[in-house]
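What follows is the residue order along each chain.
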Amino acid sequence: MSDPVTQPVTLPVKDRFHLPEGVIYLDGNSLGPLPRAVVPHLDKVVQEEWGQHLIKGWNVDDWMGQPVRVGNQVARLIGAPEGSVVMGDTLSLKVYQALSAALLMRPDRRVVLSDNGNFPSDLYIAQGLIRHLDRGHELRVVDPEAVLDAITDEVAVVMITQVDYRTGRMHDMQAITRKAHEKGAVMIWDLAHSAGAVPVDLAGSGCEFAVGCTYKYLNGGPGAPAFIYIRPDLVGQAQPALSGWMGHDAPFAFDLDYRPAADIERMRVGTPPVIQMSALETAMRAWDGIEMSAVRYASVALCETFIQEVEARCPALTLISPRNADERGSQVSFAFEHGYAAMQALIARGVIGDFRAPDVMRFGFTPLYIDRDDVIAAVDILADVIDNRLWDRPEYHAKGRVT
């Protein structure tokens, strides 16, 4: 008999998650819910591994091997081969690592190309690195629709987030990577809104680098470590700008001079966050028996239902996500003049989405724990909020530090 863990399962798998009673959670594109297996495992990590094993845990419990071990779990969901992904640090640091290494691969070029649908932090990192290098580099930001035409012979690096965090618009990874390579540029993909949301084929795309976070669709928890991918044939060429001791070829030799590891571990920097990494490693078990093709099929169906119901019942909201499912990730966004207050009223009634300035109401659809009944119930509540102007209460207009 085959291992039951590897058998295909039927979505959703709500029993694998802790979902608060009375809540319809449509914000997994911002922070995934808590997988049930995480709590007892963290109890073991804290009380047994840390509490009893103490420093021995680095060997006895293989804390040292976590970044690559968990990287292999993530690799399965993003179409990457084993040994090509490593975990650690934040997504901003991984963007910095990828971009700095990519620029060194094209020393005769000075343009970093991105688009204005990219997450601002990626652009901030690029701006800061360019200032630091002070070698005449330029960050060129174009409209998402103009990316392909903007890839010219002067571009050193194309740095794109595959799925737009505001609208859910999804770039064609194969086409953009192909054009970048035709023009001699290095390709970096940010998979923050792709990993665990849509099928990704990094190996098939041929891109040089990819980065992403794990606290959204991968449900690793707030502050969960990010990942970086390097195309296997280029690992030896990627020079880590952040040359921390964990990326050294022999970290416990304590050499005074840096020598990068020969494999993907060269992109490790400092001591890994063992407790947070342990939460992520266990959270990845929620994907046992689940294929991304099945997730995508269910996701499209949920998003299509949501769009149809909202447009039929809430005409004051304007769809800003692509109508064509092939051009959309696993989220749907609507614009509404009073979007922030409406979202707060919706959350108060147990439907959790989120808001992005200036007027975007975002809804994420994760088939691991959302089904069609949830979608219909969420639209029932949304229609009540809009039709009866429930958003027009003072308490829903007061903005918190995090929106």
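Every value quoted in this text rests on a predicted model; they were computed, and no experiment measured them.

The rules we used
- Residues numbered from 1 in each chain as written.
- Predicted model: local features only at pLDDT ≥ 70, side-chain atom pairs only at ≥ 80, totals over all residues.
- Heavy atoms only, no water.
- Pairing = 2+ DSSP bridges.
- Helix = DSSP H or I, 4+ residues; strand = E, 2+ residues; numbered from the N terminus.
- Axes fitted to C-alpha atoms, helices over the stretch in contact; angles between N-to-C directions.
- Contact = heavy atoms within 4.5 Å.
- Buried < 20%, exposed > 50% of the residue type's maximum accessible area, 1.4 Å probe, protein only.
- Parallel < 35°, antiparallel > 145°, perpendicular 65-115°, else oblique.
- Left-handed = near helix turned anticlockwise from the far one by under 90°.
- Nonpolar A, V, L, I, M, F, W, Y, C, P; charged D, E, K, R; others polar.

**Student:** Is there a simple way to explain the sheet that holds strand β10 (residues 227-230) in this structure?
**Tutor:** Neighbouring strands of a sheet are bound in pairs by backbone hydrogen bonds; such pairs are parallel or else antiparallel. On the basis of which strands lie adjacent, the open sheet formed by seven strands has the order β4-β10-β9-β8-β7-β5-β6 and mixed pairing. Edge positions in the sheet fall to β4 (85-87) and β6 (138-142), since each of these pairs with one other strand and no more. Strand-to-strand twist of the sheet, defined as the mean angle between neighbouring strand axes without regard to direction, takes the value 20°. In this structure, strand β9 (residues 209-212) lies alongside β10, joined through four bridges in antiparallel fashion. Across the sheet, residue V211 finds its bridge partner in β10, namely I228. Running at roughly 155° to strand β8 (residues 186-190), helix α7 (residues 173-182) makes contact with β7 (155-161) and β8 of the sheet.

**Student:** For this particular structure, what's the right way to read the environment of F363?
**Tutor:** Note on placement: F363 falls in strand β15 (residues 360-364). Classification of F363 by relative accessible area gives buried; the value is 1%. Taking the C-alpha atoms as reference, F363 lies 9.1 Å from C303; in sequence the two are 60 residues apart. If sequence neighbours within four positions are ignored, F363 has contacts with L26, N29, F306, S330, Q331, V332, M343 and L346.

**Student:** I tried to follow the packing of helix α1 (residues 38-53) against helix α9 (residues 274-283) on my own but got confused; where do I start?
**Tutor:** Pairs of packed helices are described in terms of their axes, by the angle between the two and the distance that separates them. Viewed as axis vectors pointing N to C, α1 and α9 meet at an angle of 140°, and their least axial separation amounts to 9 Å. Our classification of the angle between α1 and α9 gives oblique. The hand of the α1/α9 crossing is right-handed. Mapping the contact onto sequence places V38, H41, L42, V45, V46 and W50 in α1 and I275, S278, A279, T282 and A283 in α9. Each residue belonging to the contact of α1 with α9 can be placed in one class, and the counts come to eight nonpolar, three polar and no charged.

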